[in-house]
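# Coordinate inspection notes
Each chain is listed here by its residues.
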2 protein chains.
Amino acid sequence: MTVSIMLVDDHPIVRAGLKAVFTSFEDIEVIAEASDGAEALDVLQQVTQNGTAPDAVIMDLQMKPMNGIEACRAITQAGGPPVLVLTTFDTQSDIVAAVEAGALGYLLKDAPPQQVHDAVLATAAGRRTLSPHITEVLLDRMRTPAPDLSPREIELLQALATGATNKQLAKQLFISEATVKTHLVHIYSKLGVDNRTAAIGVAREMRLI
Amino acid sequence: MTVSIMLVDDHPIVRAGLKAVFTSFEDIEVIAEASDGAEALDVLQQVTQNGTAPDAVIMDLQMKPMNGIEACRAITQAGGPPVLVLTTFDTQSDIVAAVEAGALGYLLKDAPPQQVHDAVLATAAGRRTLSPHITEVLLDRMRTPAPDLSPREIELLQALATGATNKQLAKQLFISEATVKTHLVHIYSKLGVDNRTAAIGVAREMRLI
DNA sequence: TGCCCTATCAACCAAATGGTTGATAAGAGG
DNA sequence: CCTCTTATCAACCATTTGGTTGATAGGGCA
């Protein structure tokens, strides 16, 4: 019995690569494709109405106009097939966002074909698959407590990233310089850094801004 | 007559995809593969000694331990086959670095198969190929009064973006704090800003880092 | 040869930033 | 009711950063 899947990736080359890999294994069949999240939802609805819904969806993250996270959330909430995220990005925020959006598995694109094959079968069967590296990142996150910045702190961080001085931040946010400094101290301690530049770097990496 | 090429990419899936694409066109044949720059140089030397040197090399950039830029430079300087860079990254610094390293063409991985095919033939024939988007980025760079930072200044900027203090920058770059400050002042004036945070913002926007 | 650019370092001063303590007030939650 | 979080502000001090001036040295170019 073969497993039928749908590919969602904005790179034709990657889609061709996955198809080539699956063809060589012979127990996985690609029955649908899409090049972004919105198209994925359309196509999925069509094939589902035809009675040929895929057993799993392989989803990239970085796509325009609708990215993989949003598409994954939509599919999962609609009770669609299980989603295996296959991407190049391994930042904490990407991984966590994908898991929270309901992704069943998360694999990196540098994975060897055999591993991709196994992960697809696992996903179709409803089993979770996280590559070792991904698992490590998730454990790291649990070890270190969540960033959990307040809305006001995020606002300040956004303005901070534009290169504003404390005085300018005070004006922009209609507060005193003293308050700006207080917020900054809180942000630093929450992000585990000790200056504004590092804060921006960490915030960017965590996709907080 | 078929064109013979070598693939250098750390993702097995992408290599499979490229092979699948070229198989369908039938006038391009993949005769060698490597998964990073160092391996690429090894393999290239082997096949060249066998008298079966490829007509072109397709090279990814982000690879460990030796990246595509260094490999490209080595191949070009040794009078090897022409290199077509095929990558996901479109920052000014990547593009300029690749061109300076002697790459004949620069294509993004989201290019349609036909475009990849044409670019490979062009590269093998010694013609330059830049995808429209890449050309635009290069023109942008020429249009805007060239930030024109020195290599050392770029290096410093990269380290700066991680949130390092002047003292840490000095250690990382093996120079004194005084020198760090001198570089920073130059960077600020070239980018038209007056503090490190703004410098990073502008540099990011200009895709210098 | 002389000039400019890059890269390096030093000393000095003013301004910005970071760190601390302490305070007020509103709202959420046990 | 009490506590915690968030948001606001003040004063103080140490450290960092920014700005300036000046100096040395090598490479490239006219």
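Look up: the structure comes first, before these words.
Residues numbered from 1 in each chain as written. Chains lettered and ligands numbered in written order. Predicted model: local features only at pLDDT ≥ 70, side-chain atom pairs only at ≥ 80, totals over all residues. Heavy atoms only, no water.

In the vicinity of DNA strand D there are 20 residues, among which S150, S176 and H183 of chain A together with K181 and Y188 of chain B approach most closely. A breakdown of the atoms of DNA strand D within 4 Å of the protein gives sugar and phosphate a share of 67%. S176 of chain A is positioned such that a nitrogen or oxygen atom in its backbone is 2.5 Å from a phosphate oxygen of DNA strand D. The side chain of K181 of chain B places a nitrogen or oxygen atom 2.6 Å from a base oxygen of DNA strand D. Residue assignment for the surface near DNA strand D shows that the elements contributing at least two residues are α9 (177-191) of chain A together with α8 (166-173) and α9 (177-191) of chain B. Element by element, the count of residues in the surface near DNA strand D is highest for α9 of chain A, at 6 residues. Class assignment of the residues belonging to the surface near DNA strand D gives a composition of 5 nonpolar, 8 polar and 7 charged. (Near = heavy atom within 4 Å. Polar contact = N/O pair within 3.5 Å; in protein donor to acceptor, adjacent residues only side chain to side chain. Helix = DSSP H or I, 4+ residues; strand = E, 2+ residues; numbered from the N terminus. Nonpolar A, V, L, I, M, F, W, Y, C, P; charged D, E, K, R; others polar.)

As a structural note, the neighbourhood of DNA strand C is formed by 19 residues, with K181 and Y188 of chain A together with S150, S176 and H183 of chain B the closest of them. Close to the protein, within 4 Å, the atoms of DNA strand C belong to sugar or phosphate groups at a rate of 68%. Take S150 of chain B: an N or O atom from its side chain is 2.3 Å from a phosphate oxygen of DNA strand C. One of the backbone N or O atoms of S176 of chain B is found 2.5 Å from a phosphate oxygen in DNA strand C. At the level of secondary structure, the elements contributing two or more residues to the surface near DNA strand C comprise α8 (166-173) and α9 of chain A together with α9 of chain B. It is α9 of chain B that contributes the most residues to the surface near DNA strand C, 5 residues altogether. Grouping the amino acids of the surface near DNA strand C by side-chain chemistry returns 5 nonpolar, 8 polar and 6 charged.

With that out of the way, let us pick up the pairing of strand β4 (residues 83-87) of chain B. Residues and elements named next belong to chain B. Across the 5 residues that make up β4, a large majority, 5, are buried. Where burial is concerned, the two faces of β4 agree: the one with V83, V85 and T87 and the one with L84 and L86 are both buried. Across 3 bridges, the pairing between strand β3 (residues 56-59) and β4 is parallel. Each residue of the ladder has a partner; that of M59, found in β4, is V85. (Buried < 20%, exposed > 50% of the residue type's maximum accessible area, 1.4 Å probe, protein only. Pairing = 2+ DSSP bridges.)

With that settled, the discussion passes to the interface of chain A and chain B. Opposite the 30 residues of chain A that make contact, chain B presents 30 residues. Across the interface of chain A and chain B, roughly 2,000 Å² is buried in total on both sides, 73% from carbon and sulfur atoms. Together, H11, I13 and T197 of chain A form the three largest contributors to the area buried by chain A at its contact with chain B, with a combined 31%. Summed over the shared surface of chain A and chain B, the number is 0 salt bridges. Where chain A touches chain B, the interface holds 2 residue pairs in polar contact (both at pLDDT 80 or more). (Contact = heavy atoms within 4.5 Å. Buried area = accessible area lost by both parts, 1.4 Å probe. Salt bridge = Lys/Arg side-chain N within 4 Å of Asp/Glu carboxyl O.)

With that settled, the discussion passes to the sheet that holds strand β2 (residues 28-34) of chain B. Residues and elements named next belong to chain B. Taken in spatial order, the 6 strands of this open sheet run β2-β1-β3-β4-β5-β6, and their pairing is parallel. Since the sheet does not close on itself, it has two edges, and those belong to β2 and β6 (129-130), each with one partner. Strand direction decides the pairing type here: β4 and strand β5 (residues 105-108), joined by 4 bridges, are parallel. Looking at the pairing, L84 lines up with G105 of β5.

Glancing now at the pattern of salt bridges. Residues and elements named next belong to chain A. Taken as a whole, this structure holds 12 salt bridges over all chains when the rule is applied. The partner of K19 in a salt bridge is E33, with the nearest N and O atoms 2.5 Å apart. Of this pair, K19 sits in helix α1 (residues 12-25) while E33 sits in strand β2 (residues 28-34), and the two are 14 residues apart along the sequence. In this structure K19 comes out as partly exposed when scored by relative accessible area, which is 33%.

That bond from K64 of chain A to P65 of chain A is cis: its omega, 0°, falls within 30 degrees of zero. The backbone of E26 of chain A sits at a positive phi, close to 70°, despite the residue not being glycine. With respect to the element layout, E26 of chain A can be found in the loop between α1 and β2. The backbone of F174 of chain B sits at a positive phi, close to 60°, despite the residue not being glycine. Relative to the elements of secondary structure, F174 of chain B occurs in the loop between α8 and α9. Accessibility expressed as a relative area gives 76% for F174 of chain B, which makes it exposed.

A few words now on the side chain of H117 of chain B. Residues and elements named next belong to chain B. Note that H117 resides in helix α5 (residues 113-124). Of the residues examined, H117 reaches a relative accessible area of 7% and is grouped as buried. Every residue in contact with H117, bar those within four places of it in the chain, is listed here: F22, F25, D27 and I28.

This part is about the packing of helix α2 (residues 37-49) of chain B against helix α3 (residues 68-77) of chain B. All names here are of chain B. For the pair α2 and α3, the least separation of the axes is 8 Å and the interaxial angle reads 25°. Classified by the angle their axes make, α2 and α3 are roughly parallel. Between α2 and α3 the crossing geometry is right-handed. Residues G37, L41 and L44 of α2 form the contact with α3, whose own contacting residues are A71, A74 and I75. Considering only residue class, the contact of α2 with α3 consists of 5 nonpolar, 1 polar and no charged. (Axes fitted to C-alpha atoms, helices over the stretch in contact; angles between N-to-C directions. Parallel < 35°, antiparallel > 145°, perpendicular 65-115°, else oblique. Left-handed = near helix turned anticlockwise from the far one by under 90°.)

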